[in-house]
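What follows is each chain in one-letter form.
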Amino acid sequence: MTSPRSAYVIAPALFGAYGVIRLLDGLDGVKGPGLAWTAGHLCFLVGLGFFVRAFVAMRAAAGRSDRWATGGLVAAVAGSCALAVQFGVDIVTGLMADGSHAEMARLSDSFGSLPGAELAFYAVGPMFFFIGQVVLALRLYALRRLPLWAPCLVFAASLLPLTTKDLIPLGAVLLLLGYAPLWWRPSASRTALTSA
């Protein structure tokens, strides 16, 4: 199983890989379907698993009985599930579209038109991924497990993709830096946990 330390690095790295591949895929003015579309989405889909591992570790660092951290974990995992469905649908529709962007869009719209799908997997559900991780980072700051700048970077990283998805690579860098105190100097982190 992946250690929390590596999850804090791998999750943002795969998020950033998705963002970079997405930019390259759009150089011709059209994003997907094709190899780049599938590869980028697979990067983020795998990355979600590492994000969940990191979220569980953040909640553990705050204490398993901590209500704020538990709420943040529940929100972050719920958002991760919504994003997993969204990206899974994108991969499947991309593969089914047989190279046609219009067909991929039609298939995606067909899924989005299902009752509750737009709300659960596109408009609202994914927001909990960002909200949950900000809550977790703020809780760790409140418990003196993180410096103030760390949740600020996590918050900024959460806002960037909502502004434009073209900023996802920058958001990934900010997440990597925001998580740095959790993966850098593990012995110091253990000391802080045992002395609190």
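Structural notes, computed from the coordinates. In this text, all values refer to a predicted model and were calculated from it rather than measured experimentally. (Residues numbered from 1 in each chain as written. Predicted model: local features only at pLDDT ≥ 70, side-chain atom pairs only at ≥ 80, totals over all residues. Heavy atoms only, no water.)

### Thoughts on the overall build of the protein chain
Helix and strand counts for the protein chain come out as 10 helices and 0 strands. Listing each helix as α and each strand as β along the protein chain from the N terminus yields α-α-α-α-α-α-α-α-α-α. At 18 Å, the protein chain has a C-alpha radius of gyration in line with the 16 Å of a compact globule built from 196 residues. For the C-alpha atoms alone, the extent of the protein chain along its principal axes is close to 60 × 35 × 30 Å. By residue count, 42% of the 196 residues in the protein chain fall in the buried class. For the protein chain, the proportion of contacts with a sequence separation of at least 24, taken over those separated by at least 6, is 73%. Surface summary for the protein chain: the accessible area is close to 9900 Å², and the carbon and sulfur share equals 70%. Each charge class in the protein chain can be summarised by its mean position, and for the 14 positive and 9 negative side chains these summaries are 25 Å apart. (Helix = DSSP H or I, 4+ residues; strand = E, 2+ residues; numbered from the N terminus. Rg over C-alpha atoms; globule rule 2.2 N^0.38 Å. Buried < 20%, exposed > 50% of the residue type's maximum accessible area, 1.4 Å probe, protein only. Contact = heavy atoms within 4.5 Å. Areas by Shrake-Rupley, 256 points an atom, 1.4 Å probe, with all protein chains shown as cover. Lys, Arg positive; Asp, Glu negative; His and termini not counted. Charge placed at Lys NZ, Arg CZ, Asp CG, Glu CD.)

### Describing the packing of aromatic side chains
The geometry of an aromatic ring pair is captured by two quantities: the separation of the ring centres and the angle between the planes. For the structure shown, the criterion picks out 14 aromatic pairs. Pairing F15 with F44 gives two aromatic rings, centres 5.4 Å apart and planes at 45 degrees, and the pair type is tilted. Here F44 lies in helix α2 (residues 35-62) and F15 lies in helix α1 (residues 4-25), a separation of 29 residues in the sequence. Members of the aromatic cluster, each reached through a chain of ring pairs, are F15, Y18, F44, F51, F55, F87, F129 and F130. (Phe/Tyr/Trp six-rings, centres within 6.5 Å; stacked < 30°, edge-to-face > 60°.)

### Examining the nonpolar core
Nonpolar side chains tend to gather and get buried jointly when the protein is soluble and globular. Counting residues in hydrophobic clusters, the biggest one holds 39 residues, and the most contacted among them are F51, F55, M58 and Y179. The set of elements that each furnish at least two residues to this core consists of α1, α2, α3 (67-96), α6 (127-142), α7 (149-163) and α8 (168-178). No other element matches α2, which puts 11 residues into this core. What M58 contacts, discounting residues up to four positions off in sequence, is Y8, Q133, L136, A137, L140, Y179 and L182. (Core = buried A, V, L, I, M, F, W, Y, C linked by side-chain atoms within 4.5 Å.)

### Remarks on the packing of α3 against α6
Where α3 meets α6, the closest approach of the two axes is 7 Å, and the angle between their N-to-C directions is 155 degrees. Here α3 is positioned roughly antiparallel relative to α6, judged by the angle of their axes. Relative to α6, α3 is oriented so that their crossing is left-handed. For the pair formed by α3 and α6, the contact residues are W68, A69, G72, L73, A75, A76, G79, S80 and L83 on the first element and F128, F129, G132, Q133, V135, L136 and R139 on the second. Considered class by class, the residues forming the contact of α3 with α6 number 10 nonpolar, 5 polar and 1 charged. (Axes fitted to C-alpha atoms, helices over the stretch in contact; angles between N-to-C directions. Parallel < 35°, antiparallel > 145°, perpendicular 65-115°, else oblique. Left-handed = near helix turned anticlockwise from the far one by under 90°. Nonpolar A, V, L, I, M, F, W, Y, C, P; charged D, E, K, R; others polar.)

### What about the side chain of S158?
Note on placement: S158 falls in helix α7. Residue classification places S158 among the buried positions, given a relative accessible area of 5%. Within the structure, S158 has its side chain in polar contact with the backbone oxygen of V154 (distance 2.9 Å). Non-local contacts of S158, meaning those with residues more than four positions away in its chain, are made with F130, Q133 and V134. (Polar contact = N/O pair within 3.5 Å; in protein donor to acceptor, adjacent residues only side chain to side chain.)

### Considerations on the layout of surface pockets
In this structure, the largest pocket encloses a volume near 570 Å³. Lining the largest pocket are 29 residues, and of these Y18, Q86, F87, D90 and K165 sit closest to its centre. Contributing elements (two or more residues each) for the lining of the largest pocket: α1, α2, α3, α4 (101-112), α6 and α7. Of the residues assigned to the lining of the largest pocket, the class counts are 17 nonpolar, 6 polar and 6 charged. (1 Å grid on protein atoms, 1.4 Å probe; cavity = no way out; pocket = protein on both sides within 12 Å on 5 of 7 lines; lining within 4 Å. Points joined across faces, edges and corners; volume = space filled by probe spheres on them.)

### What to know about the environment of F44
Take F44: its relative accessible area is 3%, and that puts it in the buried class. Sequence separation of F44 and P12 is 32 residues, and the distance between their C-alpha atoms is 9.2 Å.

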